[in-house]
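# Coordinate inspection notes
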Amino acid sequence: MISVTKPAKILIVDDESPIREVLSASLKDEGHEVFTASDGEAGLRAMREKQPEIVFLDIWMPGSLDGIEVLTKARAQFPEVDFVMISGHGTIETAVKATKLGAWDFIEKPLSMDKILIVISNIQQYQSERDEKKALLNKLRKSIAIIGETAPMVQLKQMIARTAPTQSWVLLQGEKGSGRELIAQNIHYLSSRASRPFVEINCASISMDLMEAELFGYEKGAFPGAERSQKGKLEL
C-alpha cells in the first residue's frame, strides 16, 4: 500500500455498514483520524461537528439527501473540505456532474485501497500548497497594508474592497508619489488572481527602441545581443 505524509481528519458518509467499517479500519491503520455517518443528514452534522479535511461521500443513499445534494450543500458551507465521491452504480454523467459541483475525484465500488490512498496523498499535497500560498498571501497583504483611518482613506479602502473581487479593468490616476503602485498591489492581492503573477511595467523607464521587446518579448538571435529568448511583459 501507499503511505501518506501525515494523518488527516477523514469523514466517510455511506449507508452501507460494511463499506464504512472496512474503509474506516483501513484508514485508521494508516494513521488517519476517521469518522463515519450513515446518511446525508448525519454527514452534514458530522462535517459541522468534526470539521474533517477530506470526505468520502457515497452518491446513492436513502433518506432526504443523496450524495449529490449533500455535496451541493457542503461545498457552500465547508469550502476548505475536499470531497471524493464513491458509488457502485456510477455513470459518466454522474461523475461529470459531481466534478462540476466541486468534487475532487470519483471512485467506483468495490473500492481499491491503493487508489484511495493515492487520492488522499494528492489531496494532502494540494491542501498543503494551498495553505502555504494562503499564508504567503496574508503576509504580502500585511506588508502592503494601507495605513490611515481618515475619511478619504476609509473611502479608498472601501473602493479597493469593491473593485478587487471583480474582473474589471482599473485605471489608477494620481501624481508621482501618490501611491498608485501600492493601490495596484492591494487590488491584485485582494483579488481572485492573487496567486498569479503581479507584473509591473514602468513605461517611463523604457526607451522607445526597447518598448516592443519589453512588451512582446523576443526569440533568441532576433537581434544582436539576443543570446536567449525572453517572454514579454504582456505574456507574463
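Before reading further, recall that the structure is shown in the block above.
Here's a quick rundown of the structure. (Residues numbered from 1 in each chain as written. Predicted model: local features only at pLDDT ≥ 70, side-chain atom pairs only at ≥ 80, totals over all residues. Heavy atoms only, no water.)

## So, the overall build of the protein chain
In terms of helices and strands, the protein chain carries eight helices and seven strands. Computed over its C-alpha atoms, the radius of gyration of the protein chain comes to 25 Å, more than 25% above the 18 Å expected for a compact globule of 236 residues. On the principal axes, the C-alpha backbone points of the protein chain span a range of 70 × 55 × 35 Å. Residues counted as buried form 34% of the 236 residues belonging to the protein chain. As presented, the protein chain carries roughly 15000 Å² of accessible surface, and 53% of it is formed by carbon and sulfur atoms. If you average the places of the 29 positive and of the 33 negative side-chain charges in the protein chain, the two averages end up 6 Å apart. (Helix = DSSP H or I, 4+ residues; strand = E, 2+ residues; numbered from the N terminus. Rg over C-alpha atoms; globule rule 2.2 N^0.38 Å. Buried < 20%, exposed > 50% of the residue type's maximum accessible area, 1.4 Å probe, protein only. Areas by Shrake-Rupley, 256 points an atom, 1.4 Å probe, with all protein chains shown as cover. Lys, Arg positive; Asp, Glu negative; His and termini not counted. Charge placed at Lys NZ, Arg CZ, Asp CG, Glu CD.)

## Brief notes about the sheet that holds strand S4 (residues 82–87)
Each strand in a sheet pairs with another by means of backbone hydrogen bonds, the pair being arranged parallel or else antiparallel. Read from one edge to the other, the open sheet built from five strands follows the order S2-S1-S3-S4-S5, with strand pairing classed as parallel. In this open sheet, the two edge strands, each paired with only one partner strand, are strand S2 (33–37) and strand S5 (105–108). Neighbour-to-neighbour, the strand axes of the sheet open up by a mean angle of 20°, direction not taken into account. Pairing of strand S1 (residues 9–13) with strand S3 (residues 54–58), which is carried by four bridges, proceeds in the parallel orientation. (Pairing = 2+ DSSP bridges. Axes fitted to C-alpha atoms, helices over the stretch in contact; angles between N-to-C directions.)

## A word on the pairing of S3
Extensive coverage of S3 is indicated by the burial of five of its five residues. Covered by surrounding structure in S3 are Ile54, Phe56 and Asp58 together with Val55 and Leu57, the residues of both alternating faces. In this sheet, S4 lies alongside S3 in parallel orientation, the contact comprising five bridges. Note on S4: the bridge partner recorded for valine 55 is phenylalanine 83. Considered for its hand, the β-α-β crossover made up of S3, helix H3 (residues 67–77) and S4 is right-handed. (Right-handed = clockwise from strand over helix to strand, strands pointing away.)

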